[in-house]
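Overview (structure and organization)
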Amino acid sequence: MSPDPLEGLKERFTELDWHLSHGQEVVRVEREQLLEFATAAQEAGFDMLADVTAVDWYRSREPRFDVVINLLSMSHRARLRILVGLARDDTVVPSLVPLWPGANFAEREVFDFFGIVFEGHPDLTRILMPDDWDGFPLRKDYDTGAVPVQFKASHKVS
Amino acid sequence: MTDKGTIEPDPSLPVEELDLWVSGTEDSEWDIYPTDEGAQTMQTEETEFRFREQRGTVVTADEGDEYDFDDGFVDDERMIVNMGPQHPSTHGVLRLQLELEGEIIRRTKAIIGYLHTGMEKTAEGLTFMQGPTNVTRMDYLAPLHNELCFSLAVERLLDIEVPPRAEAIRILMTELNRISSHLVAMATNGMDIGALSIMTYGFRDREQILEFFEKTTGLRLNHNYIRPGGVAADLAAGWRADVNEICDNITSRLHDYDDMLQENPIWTGRTRGIGVISADECRAYGITGPTLRSAGVAWDLRKAFPYSGIEKYEFDVPVGERGDVYDRYRVRVEEITQSVRIVRQVAEAMPKGDYRVDDRKITPPPRHRIDESMEALIHHFKIFTEGFRVPPGETYVAVESPRGELGCYLISDGSGKPWRMHTRAPSFYNLQALPMMMADTVIADTVATIASLDPVMGDVDR
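Residues numbered from 1 in each chain as written. Chains lettered and ligands numbered in written order. Predicted model: local features only at pLDDT ≥ 70, side-chain atom pairs only at ≥ 80, totals over all residues.

Things to note about the overall build of chain A
Quick reminder of the rule: Elements are defined by DSSP. Helices are runs of H or I of four residues or more, strands are runs of E of two residues or more, and each kind is numbered from the N terminus. Whether two residues are in contact is decided by their C-beta atoms, placed from the backbone, lying within 7 Å.
Along its length, chain A carries 3 helices and 7 strands. Written out in order from the N terminus, the α and β elements of chain A read α-β-β-α-β-β-β-β-α-β. The long-range share in chain A, meaning contacts at least 24 apart out of those at least 6 apart in sequence, stands at 53%.

The structure is reproduced here in structure tokens:
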């Protein structure tokens, strides 16, 4: 068994903010460094991209968005979580589809719900919401209140 | 941070100019857009990556692909057809676009979202106490796994341990749930291929398990039984006899089903060598569960990252060799056998004690205490009106659901409701396997392939 993939990554990226969250390894990476870090993580043995999601810290933190990437190493039984902060007026982050093709659906989902653009994604369209939907529902300033139902003929019914 | 530990909005941060529509800010006229599904439609001319993805050759790109959409194509021979969303064999509302050349499928595109109900947004409006009622509706064939995953995440943020009896009940219920889910997978797989007898048998045996669930939790589906802090109620009287009867029944009947299917030339002819996927493709696409194991990877979260004390019980992880429909069927049958093994061990060694944590801030007091104690009444009222507060933090918890890695990413801001709850749905990722499985197979095998993947659209769309 090859050495722990986290050790090598920690040595190589010492300047990053590594911390434990309830026993899980978390690292905060700058957007510009994400592709370099993700490539290194894949080479170190994180062979599966478990999940991509995002968090909206509206009016609570700066920067406003966190993109959360959960990596899994099946050969080493290890997990690693990458957080990438994004400002509200510049929600662009490099896509991980070239490294893990399975990021495709997950990144489309994040785009759909948060309006975060994944640069280099081959097919960045809405996935769960209708194509013509307005707004990004999982943002905190998107109200859960009364949303008019977007049926084509709804305005004709009185 | 305030003294209560919650994250309060920072007044110095701006209220942002909204560049998107929010209810209450709209003009009186609501714009009706025409439905435009152009972005979702499979195009005859695609960009290279999208083409390779719909062809299922992203991972195997270097090995060369003789099929080329520019080259030597007679347009009359090519046809793009829609399958679903209203199609009985798509297991709900899955829509597939298939590019056909005669009877051969060349490209596949899965279009989802027809069952989207915004459960992750809903979760932000429910307390941690109410959370399981929401997540249990996601994967409706394995509701207890959803509840377990959410509850484990909340408990990790609370930093509490549940009593041994609660853990054992959780394992008992989720493993029974795995059996019932795999029985449905086997039944619907047979039904789609035309083996209708196995459909009736599979649902008959599942019924027995659902009856036990109803006796224990009060409901056949959407139990809201596993909750943060333990389980909702103790096992009903006579549970051990019921469980033993279920185990005996399933074991003996599985032999019958093996006699019926395993060497059946029609069944093997329709399933062997169909819908093949390799281990590398599974890793690249995040495909987990029986699909990954059928490709020969012995990966099971119950072994890799044990939860709820499942490491105390003996069981094996069955794997396949070829990664085809037949292997996925065999892996599920073997997993039923292993789950029966676990259930028997749990029933044998069920610990005595409380079935939830004895912390009145997290779990409600016993019913009889409410009549006697003012304090118990207050606790009961507080828990059911405003719930309990969870310290700020974030965590990701994954359990092995019948479909693969079911994860829950949970963030608390210190209040009684989650700041963010995200579910990593196994079916959502597994669906990306369809183009790889279906390229260059005949259209008659499509239904067998979809059924062997066992997608639950409630899980995909959430």
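Let us keep going from here.
Section: the pairing of strand S4 (residues 65-73) of chain A
All names here are of chain A. Rules: With C-beta atoms placed from the backbone, the exposure class of a residue follows from how many other C-beta atoms lie within 10 Å of its own: 20 or more, buried; 12 or fewer, exposed; in between, partly exposed. Pairing between strands is defined by DSSP: at least two bridges between them are needed.
In terms of residue burial, S4 counts as a mostly covered element, since 9 of its 9 residues are buried. Residues Phe-65, Val-67, Ile-69, Leu-71 and Ser-73 of S4 are buried on one face, and the alternating residues Asp-66, Val-68, Asn-70 and Leu-72, pointing to the opposite face, are buried as well. Bridge count for strand S3 (residues 48-56) against S4 is 8 bridges, and the pairing is antiparallel. Across the sheet, residue Thr-53 finds its bridge partner in S4, namely Val-68. Bridge count for S4 against strand S5 (residues 78-86) is 9 bridges, and the pairing is antiparallel. Bridge pairing in S5 places Leu-72 opposite Arg-79. In this antiparallel pair of consecutive strands, S4 and S5, the connection spans 4 residues, and Arg-77 shows a positive phi of 50°.

Focus: helix H6 (residues 196-217) of chain B
Residue and element names in this part refer to chain B. The test is simple: Expected helix span is taken as 1.5 Å per residue step, with the number of steps being one fewer than the number of residues. The reported arc concerns the directions from the helix axis to the C-beta atoms and nothing else.
Taking 1.5 Å of rise per residue, the 22 residues of H6 would be expected to cover 32 Å, and the 31 Å separating its terminal C-alpha atoms lies within 8% of that figure. Every buried residue of H6 is listed here: Ile-198, Gly-202, Asp-205, Arg-206, Ile-209, Phe-212, Phe-213, Thr-216 and Thr-217. Along H6, the residues classed as buried sweep out an arc of 120° about the axis, all on the same side. Residues of H6 that are exposed and angled more than 90 degrees away from the buried face: Leu-196 and Thr-200. Its buried side turned inward, H6 meets helix H5 (164-193) and helix H7 (239-261). Directly after H6, the chain includes Gly-218, whose backbone phi takes a positive value near 100°.

Quick notes on the sheet that holds strand S3 (residues 104-111) of chain B
Residue and element names in this part refer to chain B. The criterion, for reference: Convention adopted: a line fitted to C-alpha atoms gives each axis, helices being fitted over their contacting stretch, and angles between N-to-C directions are expressed from 0 to 180 degrees.
With respect to topology, 3 strands assemble into an open sheet ordered S1-S2-S3, the strand pairing being antiparallel. A strand with exactly one partner marks an edge of an open sheet, and here the two such strands are strand S1 (78-83) and S3. This sheet shows a mean twist of 20° between the axes of neighbouring strands, independent of strand direction. The pairing of S1 with strand S2 (residues 95-101) spans 6 bridges and is antiparallel. When the sheet's bridge partners are listed, Arg-78 is paired in S2 with Glu-101.

Comments concerning the nonpolar core
Quick note on the threshold: The term nonpolar core means buried Ala, Val, Leu, Ile, Met, Phe, Trp, Tyr and Cys residues held together as one set by C-beta atoms within 7 Å.
Counting 150 residues, the largest nonpolar core has Val-67, Leu-71, Val-110 and Ile-116 of chain A together with Cys-149, Ala-153 and Ala-433 of chain B as the members making the most contacts within it. Among the elements that make up this core, the one with the highest residue count is H5 of chain B (15 residues). The contact partners of Ile-116 of chain A, leaving out residues within four places of it in the chain, are Ala-54, Phe-65, Val-67, Leu-86, Thr-91, Val-93, Val-110 and Phe-111 of chain A.

A closer look at the environment of Thr-122 of chain B
All names here are of chain B. With respect to the element layout, Thr-122 can be found in helix H2 (residues 119-123). Using a count of 18 C-beta atoms within 10 Å as the deciding quantity, one classes Thr-122 as partly exposed. In this structure the C-alpha to C-alpha distance between Thr-122 and Met-421, which are 299 residues apart in sequence, comes to 9.3 Å.

Describing helix H4 (residues 143-158) of chain B
Across its 16 residues, H4 of chain B extends 23 Å between first and last C-alpha, which sits within 8% of the 22 Å expected from 1.5 Å per residue. Taken across its 16 residues, H4 of chain B has 15 buried, putting it largely inside the fold.

Notes on the sheet that holds S3 of chain A
Residues and elements named next belong to chain A. Read across the sheet, 5 strands follow the order S1-S2-S5-S4-S3 without closing on themselves; strand pairing throughout is mixed. Whereas interior strands pair on both sides, the edge strands pair on one side only; in this sheet they are strand S1 (17-21) and S3. The average undirected angle you get between the axes of adjacent strands in this sheet is 25°. Contacting S1, strand S2 (24-28), S4 and S5, helix H1 (residues 5-12) crosses the sheet at an angle of about 35° to S5.

Brief notes about the pairing of strand S6 (residues 393-401) of chain B
Residues and elements named next belong to chain B. Most of S6 sits out of view: 8 of its 9 residues are buried. Alignment of S6 against strand S7 (residues 404-412), held across 9 bridges, turns out to be antiparallel. Note on S7: the bridge partner recorded for Gly-393 is Ser-412. Turn length for the S6-S7 hairpin, with the two strands adjacent in sequence and antiparallel, is 2 residues.

As for the confidence of the model for chain B
Residues and elements named next belong to chain B. Defined as follows: The score called pLDDT rates the predictor's confidence residue by residue, from a low of 0 to a high of 100.
This prediction gives chain B a mean pLDDT of 84; 87% of its residues lie at or above 70. Note that residues 18-36 has pLDDT below 50 and, in this model, 28 contacts with residues that lie over four places away or in other chains. Listed scores for the predicted complex are pTM 0.88 and ipTM 0.87.

Remarks on the environment of Glu-119 of chain A
Residues and elements named next belong to chain A. Locating Glu-119 in the fold gives a position in strand S7 (residues 117-119). Since 11 C-beta atoms lie within 10 Å of it, Glu-119 is described here as exposed. Here the alpha-carbon distance between Glu-119 and Val-97, two residues 22 residues apart in the chain, equals 9.9 Å. Apart from residues lying up to four places away in sequence, Glu-119 is in contact with Val-92, Val-93, Pro-94 and Ser-95.

Some details on the packing of helix H12 (residues 325-348) of chain B against helix H17 (residues 446-453) of chain B
Residues and elements named next belong to chain B. Operational definition: Angles below 35 degrees are treated as roughly parallel, those above 145 as roughly antiparallel, those between 65 and 115 as roughly perpendicular, and all remaining angles as oblique. Crossing handedness follows the turn of the near helix against the far one: under a right angle anticlockwise gives a left-handed crossing, and clockwise gives a right-handed one. Each residue gets one label: Ala, Val, Leu, Ile, Met, Phe, Trp, Tyr, Cys and Pro are nonpolar, Asp, Glu, Lys and Arg are charged, and the others, such as Gly, are polar.
The contact between H12 and H17 brings their axes to 9 Å, and the two run at 30°. The orientation of H12 relative to H17 falls into the category roughly parallel. Regarding H12 and H17, the two cross each other, and that crossing is left-handed. Contacts from Val-325, Arg-328 and Tyr-329 in H12 reach Ala-448, Thr-449 and Ser-452 in H17. Split by residue class, the contact of H12 with H17 holds 3 nonpolar, 2 polar and 1 charged.

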